[in-house]
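Architecture and fold: a report
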Amino acid sequence: MINTKKLQIVLASNNPGKIREIQTLLPDYLIIPQSEFIQTEAEETGVTFVENALLKARHAAQHSHLPVLADDSGLAVDALNGEPGIYSARYAGQGASDKDNNDKLLLELAGVPFEDRTARFICVIVMLEHAADPVPLLAQGIWEGKILMHPQGANGFGYDPLFWVHGHDCSSAELPPEAKNTLSHRGKALRQLALMLQK
C-alpha cells in the first residue's frame, strides 16, 4: 500500500482552479502539477470519465515516476441527453475558454424552461502508485443541480456560474470555496479517496 507520510502526488492537470481545490481537500499531501515533469497532456480518447482519468494518470505517471492522481469530470445536462459530458472542457471546441463553453451551453438550452434544466456534475478520480499499477484506486462523486438562464457569481471555474445549487438558492460560483468543497462532486470523490488512502 502507498505510504501516505508527506506523500508527493502529481496531479495530471495544469488547471490552477483544480489544483487549488484538490490541495485544499487533501491537506496531508503535497500536490504537484504535471507541468513540473511534462508539457504535453494525454489524449483523451476514452468514451467514459473512468477511461479518460486512467489515460491521464498513466501518461503523467510515465513521466513523473511518482504517485499520480487524475480526475475526469464534467457536466451532464438531461435536456441535452447528457451533454456536454466527457467533452465538458472542450464543448465549444479545442482550446475553448470557460466563457466559450458557458455561452455554447446557454445557446443549446435556449428556450428550455428552468424546471427542465436538471443537470449534474460528475467526477471520477483515479490514483496510481506507478504507471503500471494494476489496481488503481477509483473514487466517484455526483452533484445534482440545474442550469441557470445566465451566469451568476465570480468564484470557481468551468460551469460554476451556471450551476444552480439545490438548497442554497445560488450558483456554485456564488458559494464560498469551503462550502463548495463540502458539496461538490470533486469534494465527494476526494473524501472517498482520502478514506481509501488512510486504509
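**A look at the layout of surface pockets**
- For the largest pocket, the calculated volume is near 950 Å³.
- Lining the largest pocket are 36 residues, and of these Asn15, Lys18, Glu44, Ala89 and Arg90 sit closest to its centre.
- For the lining of the largest pocket, the secondary structure elements donating two or more residues are helix H1 (16-25), helix H2 (49-64), strand S3 (68-77), helix H3 (98-108) and helix H5 (185-198).
- Sort the elements by how many residues they give to the lining of the largest pocket and H1 lands first, with 4 residues.
- For the lining of the largest pocket, a count of residues per class yields 9 nonpolar, 15 polar and 12 charged.
- There is about 190 Å³ of room inside the second largest pocket.
- Forming the boundary of the second largest pocket are Gly17, Arg20, Glu21, Thr24, Asn155, Gly156, Phe157, Leu175, Pro177, Lys180 and Asn181.
- Elements supplying a minimum of two residues to the lining of the second largest pocket: H1 and helix H4 (177-183).

**Quick look at the environment of Arg117**
- Along the chain, Arg117 turns up in the loop between H3 and strand S4 (118-128).
- C-alpha separation for the pair Arg117 and Val77, spaced 40 residues apart in sequence, amounts to 7.0 Å.
- Beyond its immediate sequence surroundings of up to four residues, Arg117 is in contact with Leu106, Leu109, Ala110, Val112, Gly145, Lys146, Ile147, Leu148 and Met149.
- Side-chain polar atoms of Arg117 contact the backbone oxygen of Val112, separated by 2.8 Å.
- Reaching out from Arg117, the side chain makes a polar contact with the backbone oxygen of Leu148 at a distance of 2.9 Å.

**Focus: the packing of aromatic side chains**
- Scanning the entire structure with this criterion turns up 4 aromatic pairs.
- Of the aromatic side chains, those joined through ring pairs into one cluster are Phe121, Trp143 and Phe163.
- Cation over ring: Lys104 sits above Tyr91, and NZ or CZ is 4.6 Å from the ring centre.

The rules we used
- Residues numbered from 1 in each chain as written.
- Predicted model: local features only at pLDDT ≥ 70, side-chain atom pairs only at ≥ 80, totals over all residues.
- Heavy atoms only, no water.
- 1 Å grid on protein atoms, 1.4 Å probe; cavity = no way out; pocket = protein on both sides within 12 Å on 5 of 7 lines; lining within 4 Å.
- Points joined across faces, edges and corners; volume = space filled by probe spheres on them.
- Helix = DSSP H or I, 4+ residues; strand = E, 2+ residues; numbered from the N terminus.
- Nonpolar A, V, L, I, M, F, W, Y, C, P; charged D, E, K, R; others polar.
- Contact = heavy atoms within 4.5 Å.
- Polar contact = N/O pair within 3.5 Å; in protein donor to acceptor, adjacent residues only side chain to side chain.
- Phe/Tyr/Trp six-rings, centres within 6.5 Å; stacked < 30°, edge-to-face > 60°.
- Lys NZ or Arg CZ within 6 Å of the ring centre and 35° of its normal.

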